[in-house]
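Read off the chains here:
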Amino acid sequence: MSAILNTYNRKKISFLKGKGSFLHATNGKKYLDFVQGIAVNCLGHANNYLNKAIIKQSKKVWHVSNVFTIPEQEKLAKRLKQRTFADYVSFQNSGAEATEAAIKFARRYFYTKGQAKKNRILCIKNSFHGRTIATIYASGSKKMTEGFSPKVDGFDHFKFGDHKQLEKSITKRTAAIMIETIMGEGGIKVIPEYCLKGLRKLCNKKNILLILDEVQCGIGRTGKFMAFEHAKIKPDIVPIAKGIGGGFPVGAVLVNKKVASGMKPGTHGSTFGGNPLAMSVGNAVLDVIFKKGFLIEVYKKGKYFQKELKKIQEKFPNIIKEVRGKGLLIGLVLHKNQTNFINKLIDHKLLTVRAAENVVRLLPPLNVTKQEINLALKIINNVCENYK
Ligand SMILES: *Cc1c(COP(=O)(O)O)cnc(C)c1O
């Protein structure tokens, strides 16, 4: 019997080692891994360049407190600043910590402006922002909050796509609208670009901060460094995590000058956040992702993968209802519960992961090859052919 607390439905597969898009399991089989730690290992398993970076740093210094200046952190923050809307970056260790810090920063901004009551955050119902006591209430999901009362107050919700409800939910007390640019756990639901543009305008008009949670869709996943870049807008606060560490736990919050003005020494902190080991990998990830042409390739590969998946969907419209996503953040929406389908894919040595709304998520590493995509397509087609 496992001594691990029972909070996951775990598959019985374990892995010995990985390389790139593949994982070698203890059962002797080799799997094509299109989970990649749920969009975490953005450059695949055991990437040589990342390995070198972390080994090199590990021989110098692992950890120092944030009461000292950490050069690797300064470097990563500067690069994120240069590449995005951000003027400042705050490092955390995970997605939930990053979104929770984002909530703090938004509230604190209005507090310092003498508007302490402007402190509510408006979110999409059944979204996902992490599993801390505050972020589960941000999700507006019954399933995630059941049994964890008392409710953490301060969050309001509107239904995905319901513009009327969104406008009606805004009050004088709304400090920020926080949404995932593309809803990951919620079923790879893309917020259309015109909606993101509209949201930005709405927030400007009503003096509301726009928080875009890019923990899953950021860091090159969609073929742009940040997913909101497709809509050509600038948010105020962006939590990131997953991909930025390439497999090492790293989280961060990007903020503009305005939001930064609310924070001062002592208002937030983290023991581990931005430690030299984490930062060395973060910098190495950016070395690769920022290479000329890398993101264009991600976009092209995503387009190809989705086009070919749509052909399979047309062949099997009774199994696959829809193919959706952006870049290499892809969801196959099935008509029925996806568990059996995912298990069949595993039997054929392709690893995928579920999301809400009967979605099978396909999250290859960003440096996946066309051959590997073709292999996945072949497996998905085979499973469809024999699916009852
Ligand atoms: C995964 C995820 C989180 C939470 O990240 P953790 O590192 O698991 O805490 C938050 N927001 C989004 C959009 C995510 O996909």
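These figures come from a predicted structure and were not determined experimentally.

Novice: What is the right way to read the nonpolar core from this model?
Specialist: Proteins that are soluble and globular tend to have nonpolar side chains buried together. Counting 98 residues, the largest nonpolar core has Phe305, Leu332, Phe341 and Ile380 as the members making the most contacts within it. Here this core gets eight residues from one element, more than from any other, and that element is helix H10 (residues 276-289). Shared between two domains, this core holds at least three residues of each, these being domain 1 (15-47 + 293-385) and domain 2 (49-289). Not counting residues up to four positions away in its chain, the partners in contact with Leu332 are Leu309, Ile320, Glu322, Val323, Phe341, Asn358, Val359, Val360, Leu362 and Ile380. The next biggest cluster of nonpolar side chains, apart from the first, holds 27 residues, and it includes Met144, Phe155, Ile211 and Val259.

Novice: Would you take a moment to explain the site of the ligand for this structure?
Specialist: In the vicinity of the ligand, the contacting residues are Ser94, Gly95, Ala96, Phe128, His129, Gly130, Glu180, Asp213, Val215, Gln216 and Lys242. Between an oxygen atom of the ligand and a main-chain N or O atom of Ala96, the distance comes to 2.7 Å. Between an oxygen atom of the ligand and a side-chain N or O atom of Lys242, the distance comes to 2.7 Å. Burial of the ligand by the surrounding chains reaches 81%, relative to a free accessible area of 380 Å². Its residues assigned to classes, the shell around the ligand shows three nonpolar, five polar and three charged.

Novice: Explain the pattern of salt bridges to me, please; I cannot follow it from the model alone.
Specialist: When the charged atoms of two side chains with opposite charge come close together, those side chains can pair. Applying the stated criterion to the full structure yields 13 salt bridges. Between Lys189 and Glu357 there is a salt bridge; the shortest N-O distance is 2.8 Å. Of this pair, Lys189 sits in strand E9 (residues 189-190) while Glu357 sits in the loop between strand E16 (353-355) and strand E17 (359-362), and the two are 168 residues apart along the sequence. Three or more residues are tied together by salt bridges with common partners; here these are Lys189, Glu322, Arg324 and Glu357.

Novice: Explain the side chain of Asn283 here, please?
Specialist: Looking at the secondary structure, you find Asn283 in helix H10. A relative accessible area of 6% places Asn283 in the buried class. Those residues within four positions of Asn283 in sequence are excluded, and the remaining contacts are Glu72, Lys75, Leu76 and Arg79.

Novice: Please explain the packing of aromatic side chains as it appears in this structure.
Specialist: Here the distance between the centres and the angle between the planes together describe a pair of aromatic rings. By the definition in use, this model includes six aromatic pairs. Pairing Phe225 with Phe290 gives two aromatic rings, centres 4.9 Å apart and planes at 70 degrees, and the pair type is edge-to-face. Linking Phe225 in the loop between strand E10 (209-213) and strand E11 (237-240) with Phe290 in the loop between H10 and helix H11 (294-315), this pair joins segments that are 65 residues apart in sequence. Plain terms: the ring middles of Phe341 and Tyr387 are 5.2 Å apart, the flat faces sit at 75 degrees to each other, and that makes the pair edge-to-face. Residue Phe341 is located in helix H12 (residues 339-347), and its partner Tyr387 is located in the segment after helix H13 (370-385); the two are separated by 46 residues in the primary sequence. Judged by relative accessible area, which is 0%, Phe341 ranks as buried. Over the ring of Phe22 we find Lys30, and its NZ or CZ is 4.5 Å from the ring centre. Taking the ring centre of Tyr304 as reference, the NZ or CZ of Lys370 above it sits at 4.5 Å.

The rules behind the values
Residues numbered from 1 in each chain as written. Predicted model: local features only at pLDDT ≥ 70, side-chain atom pairs only at ≥ 80, totals over all residues. Heavy atoms only, no water. Core = buried A, V, L, I, M, F, W, Y, C linked by side-chain atoms within 4.5 Å. Buried < 20%, exposed > 50% of the residue type's maximum accessible area, 1.4 Å probe, protein only. Helix = DSSP H or I, 4+ residues; strand = E, 2+ residues; numbered from the N terminus. Domains from an automatic or database assignment. Contact = heavy atoms within 4.5 Å. Near = heavy atom within 4 Å. Polar contact = N/O pair within 3.5 Å; in protein donor to acceptor, adjacent residues only side chain to side chain. Areas by Shrake-Rupley, 256 points an atom, 1.4 Å probe, with all protein chains shown as cover. Nonpolar A, V, L, I, M, F, W, Y, C, P; charged D, E, K, R; others polar. Salt bridge = Lys/Arg side-chain N within 4 Å of Asp/Glu carboxyl O. Phe/Tyr/Trp six-rings, centres within 6.5 Å; stacked < 30°, edge-to-face > 60°. Lys NZ or Arg CZ within 6 Å of the ring centre and 35° of its normal.

Functional significance is not addressed by these values, which are geometric in nature.
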